[in-house]
Amino acid sequence: MKHPVLSHAPGAAAILLFSFSIHAQQAGPAEDAPERIKSLGVVTVTGGQPTSLPTQIPTTIEGVTREEIDVRINATDSEDVLKYLPSLLVRKRYNGDYNHAVLSTRASGTGNSARSAVYADGILLSNYLGNGIANGTNYAPRWGMVSPEEVERVDVMYGPFSAAYPGNSAGAVVDYVTRMPTKLEAHVSAGYSSQPNNLYNTHQTFNSWQTSASLGSKTGDWSWWLSLNHSDNKGQPLTFATATQASGRTGGVSTPVTGYVPSLNTTNQPWYILGTGTQYHSIQDQAKLRLAYDFSPTLRATYTLGWWQNAGHARSQSYLAGPDGQPVYSGNINIQGRTYTLVPATFPLANDAQTHVMHGLSLKNSPRGTFDWEIAASMFDYLKDQQRAPTAALPWAATGGAGTLQDQNGTGWSTLAAKGTWRPGGMQGAHIVDFGIGHDRYKLAIAKSNVTGDWMSGNMNPQSLVSNVGGHTQTTSAWAQDTWRISSQWKTVLGMRWEDWQARDGYTATAASRQSYPGRSESHFSPKAALAYQWSSDTVLKASMGRAVRFPTVGELYGATNGGALSFINDPTLKPEKSWTGELSLEKDLGTGLARATLFHETTRDALYSQLIPNTTTSRVQNVDKMRTTGVELAYNGSNVFKNWGLRGVDMGGSLTYANSKTVADAAYPQAVGKWQPRVPRWRATAWTSYAPDDHWAFTVAARYSGKQFSNLDNSDVNASTYFGASRYFTVDLRVRYQIDRQWSASFGIDNANNYRYWNFHPYPQRTYTASLKWGL
């Protein structure tokens, strides 16, 4: 049977399967190409493009290709290409969001970035120095190291079912494959977006620009690719100055003010919105160089150099005005007869400056005979990572004065891995054995002190320390898995992963004291198993099960901070979280589309969570005894779905996920038992339809839905549609693309066309208009 959705994009690497785990998004060679391999529900990765995925993948795979991104998605950042895939959400708050865009999966919320793995050409982009947003910094994947224009395809593997990946793969593994040319190529693009924003007393339009250029070629045994990207992004306000009505005092000298906005907080207590904070203007530059040399037709060396620089300014606005009509930023104020005190941090400022560098080197031998092997190393280095903030109040702080400097210079991680594939009986043998060893190291160093002189330019004052935290973790691993074709109808995958984890050199210090922590180590085995049954020529059944051990990050163990808007309490005694995950899938080729139904279940013990301590701005990380998630995921992707009715050029796809995810045991916090897991909605859905009436025009309508959810373990945040809340949402996106000629194309889009106001602690963007112009050789 022909697979129409796998016949686009000649020359793209083939990700092939009989079970149809990769749906309409995947590209592949022509149907009669020799590398078209049908493999009983186990994805077989072949072809020329490199990928970090192992050759045999016993679980659900989804993906999207460069051509489909171009037609369907208003993609201003690399994480945008994931937004219509089943059960995924990236918490992107504005274009260029470099510090909070964490990934949520089936049974993991947006506070759990360490429960998913993001790679680019096999190089780790996930930041396992910490989890989510904590201790005055962030641990989102380094999305900025990949621009949308350089993406060839993205593959997403759901669940911890491959022994090749660490316990951080409990949610999903995302692998970006970027372009590597086979002939001379050149590309230039320019994009613009505009968001009119109306929230509380903010009425302003926030605009962004993106430009990119790339050039590459292949000459003889050498191939190379150079890409450059520049963006200038202005986002909407992300935080707000608030005061609960109950916190007001009677009496005292205070200034009467106007401009505040009465509202309700997440527990439906009356509060006032006093103004905005953390409205980012970020200017980012990214450069990527990839070199490849073919020593022989089967042996290739590849080097990747990535460079990313950011200059971000976070600014505030007071809604308050005094009797003279001038803005009020500090001191005692009077609202409806009660007194409230504005401290300097009520309306914060911050200047961020980052320069990060990524290196990747691999040597891969792929004769596709009895034995293939690969050796790969990568490094991610915070060459510069500083945040400056004043300690004085506005308006004086806008021009200088005292302040603090937080410095993460020297922070980073490195990976080293070797893996092989052994086919005892050759390409037609019954067994394919994948195996490997690896070693990952993580170093965290966050020093914060008052500055000498001006907060905008002064140096750290070592005699005036605020906090100094850091430490190391490392993991050594070995793994193997055997894919065994038992018969023409049955195939199984059995695997085991062993990990030895160590934490050392941990310390937390303030001006008054220093605490050093003893080293720790643990070792764990994680078995994996999958079974596929070819029910009929167009239908397959699959069952997968796997254990994942997610070790505490160095930030969770040692990263205590204080001062600023939020503080964090570390815990050096945290246990690793241990998950058992299983799924049962039925996958069917419908002729014009591929359909899948998946039942999934996960039980996690000692789940690692960071939560705000009630009635404070301080969070702490903790182990939750047991969480359980059971759900179902439906997915469909079709190409030219109405051709039998005489209407050609219509592609459709969508997904629907239900997840019953609850805390079932927590001795330390019993009020959470029986409550919904934070940031995991009960229902979520995506749907899209593209119509290409001819070779020039393409029209797309897409929608995303997420149901009710909570942010607190005890589900006390009953009012989700407010600051600090995690709300439901329904958004509709539109895109029109016009292929002007062979080289030029233009597009116009509207994200959140229905202008839905929704929250995930911070407000998401409102209706946003996008436009782009591209040229390619």
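If you're wondering where the values come from, they're calculated on a predicted model, not measured in any experiment.

A word on the overall build of the protein chain. Assigned secondary structure in the protein chain consists of two helices and 44 strands. Taking 28 Å as the expected radius of gyration for a compact globule of 777 residues, we find that the protein chain reaches 26 Å, a close match to that expectation. A principal-axis box enclosing the C-alpha atoms of the protein chain has dimensions of 85 × 60 × 50 Å. Put simply, of all contacts in the protein chain between residues at least 6 apart along the chain, 68% involve residues at least 24 apart. Counting 66 positive and 57 negative side-chain charges, the protein chain places the averaged centre of each group 4 Å from the other.

With respect to the helices, strands and loops of the structure, Thr 411 is situated in the loop between strand 25 (403–407) and strand 26 (412–422). With relative accessibility at 0%, the residue Thr 411 sits in the buried group. Not counting residues up to four positions away in its chain, the partners in contact with Thr 411 are Leu 129, Phe 380, Asp 381, Tyr 382, Lys 443, Leu 444 and Ala 445.

Tallied over the full model, the rule gives 30 salt bridges. Where Arg 300 meets Asp 294, a salt bridge forms, and the shortest distance between an N and an O atom there is 2.7 Å. With a relative accessible area of 26%, Arg 300 lands in the partly exposed category. The partner of Arg 520 in a salt bridge is Glu 522, with the nearest N and O atoms 3.3 Å apart. Within this structure, Glu 62, Arg 106, Glu 583, Arg 596 and Glu 633 form a network of salt bridges that share partners.

Right, let's talk about the nonpolar core for a bit. Val 81, Leu 82, Leu 129, Val 154, Val 156, Val 174 and Tyr 176 are the most contacted members of the largest nonpolar core, which has 69 residues in total. Broken down by element, the residue count for this core peaks at five residues, all from strand 11 (residues 151–158). Within the second largest apolar cluster, 19 residues are counted, among which are Ala 241, Val 328, Ile 335 and Leu 349.

The grouping of Leu 584, Leu 599, Val 632, Leu 634, Leu 656 and Trp 683 at the surface amounts to a nonpolar patch, some 510 Å² of accessible area in total. In this structure, Val 632 sits in strand 36 (residues 618–638).

Spatial ordering of the open sheet is given by 4-11-12-7-8, a layout of five strands whose pairing is mixed. Whereas interior strands pair on both sides, the edge strands pair on one side only; in this sheet they are strand 4 (61–65) and strand 8 (123–124). Bridge count for strand 7 (residues 117–120) against strand 12 (residues 172–178) is four bridges, and the pairing is parallel. Its bridge partner being in strand 12, Ala 120 is matched across the sheet by Tyr 176.

With that settled, the discussion passes to the pairing of strand 18 (residues 261–264). With four bridges joining them, strand 18 and strand 19 (residues 270–294) adopt antiparallel strand pairing. Bridge pairing in strand 19 places Val 261 opposite Ile 273. Joining the antiparallel neighbours strand 18 and strand 19 is a turn of five residues, in which Asn 268 adopts a positive phi near 65°.

Next up on the list: the sheet that holds strand 17 (residues 255–256). The strand order 17-21-22 describes an open sheet built from three strands, whose pairing is mixed. Here the strands that pair on one side only, and so sit at the sheet edges, are strand 17 and strand 22 (338–342). Two elements, strand 21 (residues 331–335) and strand 22, share five bridges in a ladder whose sense is antiparallel. Each residue of the ladder has a partner; that of Asn 332, found in strand 22, is Thr 341.

As a further point, take the environment of Arg 596. Looking at the element boundaries, Arg 596 is found in strand 35 (residues 593–612). Relative accessible area serves as the criterion here: at 3%, Arg 596 is assigned to the buried category. In sequence terms Arg 596 and Ser 721 are 125 residues apart; their C-alpha atoms lie 33 Å from each other. Among the polar contacts made by the side chain of Arg 596, one reaches the side chain of Glu 633 at a distance of 2.7 Å.

Another aspect to go through is the environment of Gln 502. With respect to the helices, strands and loops of the structure, Gln 502 is situated in strand 29 (residues 490–509). Judged by its relative accessible area of 29%, Gln 502 falls in the partly exposed class. Distance in space between the C-alpha atoms of Gln 502 and Asn 351 is 35 Å, their sequence separation being 151 residues. If near-sequence neighbours (up to four positions away) are discounted, Gln 502 is found in contact with His 472, Thr 473, Gln 474, Arg 520 and Ser 521. A polar side-chain atom of Gln 502 sits 3.4 Å from a polar atom in the side chain of Asp 500.

With that settled, the discussion passes to the packing of aromatic side chains. The geometry of an aromatic ring pair is captured by the separation of the ring centres together with the interplanar angle, meaning the angle of the planes. By the definition in use, this model includes 35 aromatic pairs. Seen from their ring centres, Phe 240 and Tyr 723 are 5.5 Å apart, and the 75° between their planes marks the pair as edge-to-face. Of the two residues, Phe 240 is situated in strand 16 (residues 239–244) and Tyr 723 in the loop between strand 39 (697–706) and strand 40 (729–739); the sequence distance between them amounts to 483 residues. Accessibility classification places Phe 240 together with Tyr 723 in one group, the buried group. Ring geometry for Phe 380 and Tyr 382: centres 6.2 Å apart, planes at 70°, overall edge-to-face. Residue classification places Phe 380 among the buried residues on the basis of a relative accessible area of 3%. Relative accessible area serves as the criterion here: at 3%, Tyr 382 is assigned to the buried category. Here the aromatic cluster, defined as three or more aromatic residues joined through ring pairs, consists of Tyr 200, Phe 240, Trp 271, Tyr 723, Phe 724, Trp 759 and Phe 761. We note Lys 662 situated over the ring of Trp 676; from NZ or CZ to the ring centre the distance is 4.7 Å.

Omega for the peptide link from Leu 394 to Pro 395 comes to 5°, which places this bond in the cis form. Here Pro 395 lies in the loop between strand 24 (371–390) and strand 25. In this structure, Arg 679 is a non-glycine residue whose phi angle is positive, near 65°. Looking at the secondary structure, you find Arg 679 in the loop between strand 37 (650–665) and strand 38 (683–691). You can call Arg 679 buried: its relative accessible area is 12%.

As a further point, take the confidence of the model for the protein chain. For the protein chain, mean pLDDT is 90; residues scoring 70 or higher make up 90% of the total. Scored below 50 in pLDDT, residues 1–39 shows 131 contacts in the model against residues more than four places distant or in partner chains.

Mapped onto the fold, Asp 694 is located in the loop between strand 38 and strand 39. Measuring from C-alpha to C-alpha, the distance between Asp 694 and Gly 638 comes to 18 Å, with 56 residues separating the pair along the chain. Here Trp 697 takes part through its backbone nitrogen, which lies 2.9 Å from a polar atom of the side chain of Asp 694.

What counts and what doesn't
- Starting afresh in each chain, residues are numbered from 1 along the sequence in its written order.
- Where local features are concerned, this predicted model is filtered to residues with pLDDT of at least 70; where side-chain atom pairs are given and counted, the filter is 80 or more; whole-chain, interface and lining totals use all residues.
- The side-chain figures draw on all heavy atoms in the structure; neither hydrogens nor water molecules are used.
- Elements are defined by DSSP. Helices are runs of H or I of four residues or more, strands are runs of E of two residues or more, and each kind is numbered from the N terminus.
- The globule rule used here is 2.2 Å times the number of residues to the 0.38 power, and the radius of gyration it is set against is calculated over C-alpha atoms.
- In this description, contact between two residues means that some pair of their heavy atoms is separated by no more than 4.5 Å.
- Only four residue types enter the tally: Lys and Arg on the positive side, Asp and Glu on the negative side, with His and both chain ends excluded.
- Working definition for charges: the position is that of NZ of Lys, CZ of Arg, CG of Asp or CD of Glu.
- Throughout, exposure labels follow a simple rule: accessible area from a 1.4 Å probe, protein chains only, divided by the maximum for the residue type, with under 20% read as buried, over 50% as exposed, and the rest as partly exposed.
- Counted as salt bridges are all cases of a side-chain nitrogen of Lys or Arg within 4 Å of a carboxyl oxygen of Asp or Glu.
- Here, the term nonpolar core denotes a set of buried Ala, Val, Leu, Ile, Met, Phe, Trp, Tyr and Cys residues that are joined through side-chain atoms within 4.5 Å.
- Patch definition: residues with relative accessible area over 30% and no salt bridge; like charges joined within 9 Å; nonpolar side chains (Val, Leu, Ile, Met, Phe, Trp, Tyr) joined within 5 Å.
- Per-residue accessibility takes into account occlusion by the displayed protein chains alone, with areas from the Shrake-Rupley method and a 1.4 Å probe.
- Strands qualify as paired when DSSP identifies two bridges or more between them.
- Two N or O atoms count as a polar contact when they lie within 3.5 Å, although within protein this holds only if one can serve as hydrogen donor and the other as acceptor, and sequence-adjacent residues are included solely when both atoms are side-chain atoms.
- Each pair of aromatic rings taken from Phe, Tyr and Trp, with Trp reduced to its six-membered ring, is defined by centres within 6.5 Å and is described as stacked if the planes are under 30 degrees apart, edge-to-face if over 60, and tilted in the remaining cases.
- Cation placement over rings: the criterion is NZ of Lys or CZ of Arg within 6 Å of the ring centroid and within 35° of the ring normal.
- Each residue carries a pLDDT score, the predictor's own confidence in it, on a scale running from 0 to 100.

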